[in-house]
Amino acid sequence: MMSIISKNIFEIHQSIQEASSINSSHEKITLVAVSKGQPFNKIIEAFDIGILNFGENYLQEALDKKIQLQKFPIQWHFLGPIQSNKCKLITENFDWVHSIDRIKVMRLLNDFRPSNLTPLNICIQINTSSEDTKSGIPIKNANYDLASLIQELKELPRLKLRGIMSIPSNTENINQVIDELKSMYTLYTELKNQINTVDTLSMGMSNDYKLAIKYGSNLVRIGTAIFGIRAIKTKGVDK
Ligand SMILES: *Cc1c(COP(=O)(O)O)cnc(C)c1O
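Reading the values: the criteria
- Residues numbered from 1 in each chain as written.
- Predicted model: local features only at pLDDT ≥ 70, side-chain atom pairs only at ≥ 80, totals over all residues.
- Heavy atoms only, no water.
- Near = heavy atom within 4 Å.
- Polar contact = N/O pair within 3.5 Å; in protein donor to acceptor, adjacent residues only side chain to side chain.
- Areas by Shrake-Rupley, 256 points an atom, 1.4 Å probe, with all protein chains shown as cover.
- Buried < 20%, exposed > 50% of the residue type's maximum accessible area, 1.4 Å probe, protein only.
- Helix = DSSP H or I, 4+ residues; strand = E, 2+ residues; numbered from the N terminus.
- Arc of directions from axis to C-beta.
- Contact = heavy atoms within 4.5 Å.
- Pairing = 2+ DSSP bridges.
- Right-handed = clockwise from strand over helix to strand, strands pointing away.
- Axes fitted to C-alpha atoms, helices over the stretch in contact; angles between N-to-C directions.
- Parallel < 35°, antiparallel > 145°, perpendicular 65-115°, else oblique.
- Left-handed = near helix turned anticlockwise from the far one by under 90°.
- Nonpolar A, V, L, I, M, F, W, Y, C, P; charged D, E, K, R; others polar.
- Salt bridge = Lys/Arg side-chain N within 4 Å of Asp/Glu carboxyl O.
- Core = buried A, V, L, I, M, F, W, Y, C linked by side-chain atoms within 4.5 Å.

On to the site of the ligand. Lining the immediate environment of the ligand, one finds 14 residues, of which K36, N57, S206, G223 and R230 sit closest. Within the contact set of the ligand, an oxygen atom lies 2.9 Å away from a backbone nitrogen or oxygen of T224. Here an oxygen atom of the ligand and a side-chain polar atom of R230 are 2.8 Å apart. Contact with the protein chains hides 95% of the accessible area of the ligand, taken as 390 Å² for the molecule alone.

As a further point, take helix α5 (residues 103-112). All of the buried residues along α5 are V105, M106, L109 and N110. An end-on view of α5 places all buried positions within 135° of arc, on one side of the element. Buried-residue contacts for α5 involve α4 (87-93), β4 (96-100), β5 (120-127), α6 (142-153) and β7 (159-166).

Turning to the pairing of strand β3 (residues 75-78), a few remarks are in order. Within a regular strand, side chains alternate between the sheet's two faces. Of the strand pairs in this sheet, strand β2 (residues 53-56) and β3 are connected by four bridges, and their pairing is parallel. Each residue of the ladder has a partner; that of G55, found in β3, is H77. Crossover connection from β2 via helix α3 (residues 59-68) to parallel β3: handedness right-handed. The sheet contact formed by β3 and β4 spans two bridges and is parallel. Within β4, the position partnered with F78 by the bridge is V97. Read as a crossover between parallel neighbours, the route from β3 over α4 to β4 is right-handed.

Along α3, the residues classified as buried are L59, E61, A62, L63 and K65. Packed against the buried residues of α3 are α2 (40-48), β2, β3 and α4.

Close contact between α6 and helix α7 (residues 174-194) brings their axes to 12 Å; oriented N to C, the two are set at 30°. By the angle class used here, α6 and α7 are roughly parallel. Note on packing geometry: the crossing formed by α6 with α7 is right-handed. Counted together, A142, N143, L146 and I150 of α6 and L187, E190, L191 and Q194 of α7 form the full contact between these two elements. When grouped by side-chain class, the residues that make up the contact of α6 with α7 number five nonpolar, two polar and one charged.

In total, this model carries six salt bridges according to the counting rule given. The salt bridge partner of E61 is K65, with a shortest N-O separation of 2.7 Å. Remark: K65 and E61 occur in helix α3; sequence separation between them is four residues, near one turn of the helix. With respect to burial, E61 and K65 carry one shared label: buried. One salt bridge in this structure joins R107 and E152, with 2.7 Å as the shortest N-O distance. On the criterion of sequence distance, the pair formed by R107 in helix α5 and E152 in helix α6 is long-range, its members being 45 residues apart. On the accessibility criterion, R107 (40% relative accessible area) is partly exposed. Since its relative accessible area comes to 17%, E152 is described here as buried. Beyond isolated ion pairs, a larger network of salt bridges with shared partners links E56, E61 and K65.

Moving on, we come to the packing of α5 against α6. For any two helices packed against each other, one specifies the crossing angle of their axes together with the interaxial distance. The N-to-C vectors of α5 and α6 enclose an angle of 20°; their axes lie 11 Å apart at closest approach. Classed by the angle they form, the pair α5 and α6 counts as roughly parallel. Here the hand of the crossing between α5 and α6 comes out right-handed. When α5 is examined against α6, the residues I103, M106 and R107 are found in contact with a partner set consisting of S148, L149, E152 and L153.

The next thing to look at is the nonpolar core. Residues F54 and I124 are the most contacted members of the largest nonpolar core, which totals 63 residues. Those residues within four positions of F54 in sequence are excluded, and the remaining contacts are V32, A33, S35, I43, A46, F47, I74, Q75, W76, H77 and F227.

What follows is the structure, given as structure tokens:
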């Protein structure tokens, strides 16, 4: 009998296929399994089905799991808010960071990136909602702020800019979500035309990933739809 996790992943792969076939020019879509709040044995279960990318939000929780999972060639994605004093451990332990919105953090991630590792893959987080409480560069300033981050990146060879990330508003108003997804796609296309390492539009979670793919996302970050409700309680705000 198929386990719940393999059944969920199978269904998500099918939905991704369907959503991306709407647009024939669609790029390949990466599925990041968001394992925050989940025990490490569930990560092994998903890995055995073929998932290679896992996302975590809380550094200590992620480090505890990494110790158990040393033998597995997993790509680790950091998704949570970043405090300056965590940058060293984040850049030593992750392959990707999606939640960058400050130059100071970029510099620290660059400076502490170990020389035996390839440059750290990064996405700049954009706040597409009008709520000031959310992390990310506000979309209305994005052209201007991204330009200065990109300027800075020229001095940071240990970082590789892969794209932009967002968490669209959590609202019943589907038109608003669509507007936010569209504005991200526009920004992504502009960025991609300017910088040749850019190939990633990171948007879409359990409840909106099909819509996000329809509007051009090529990396979705899915937690509860794969693993079920999160069991581990971690300090910090759970988005
Ligand atoms: C928690 C989280 C996810 C996954 O959310 P689900 O609703 O469980 O799929 C994706 N991206 C970020 C940034 C998150 O914090």
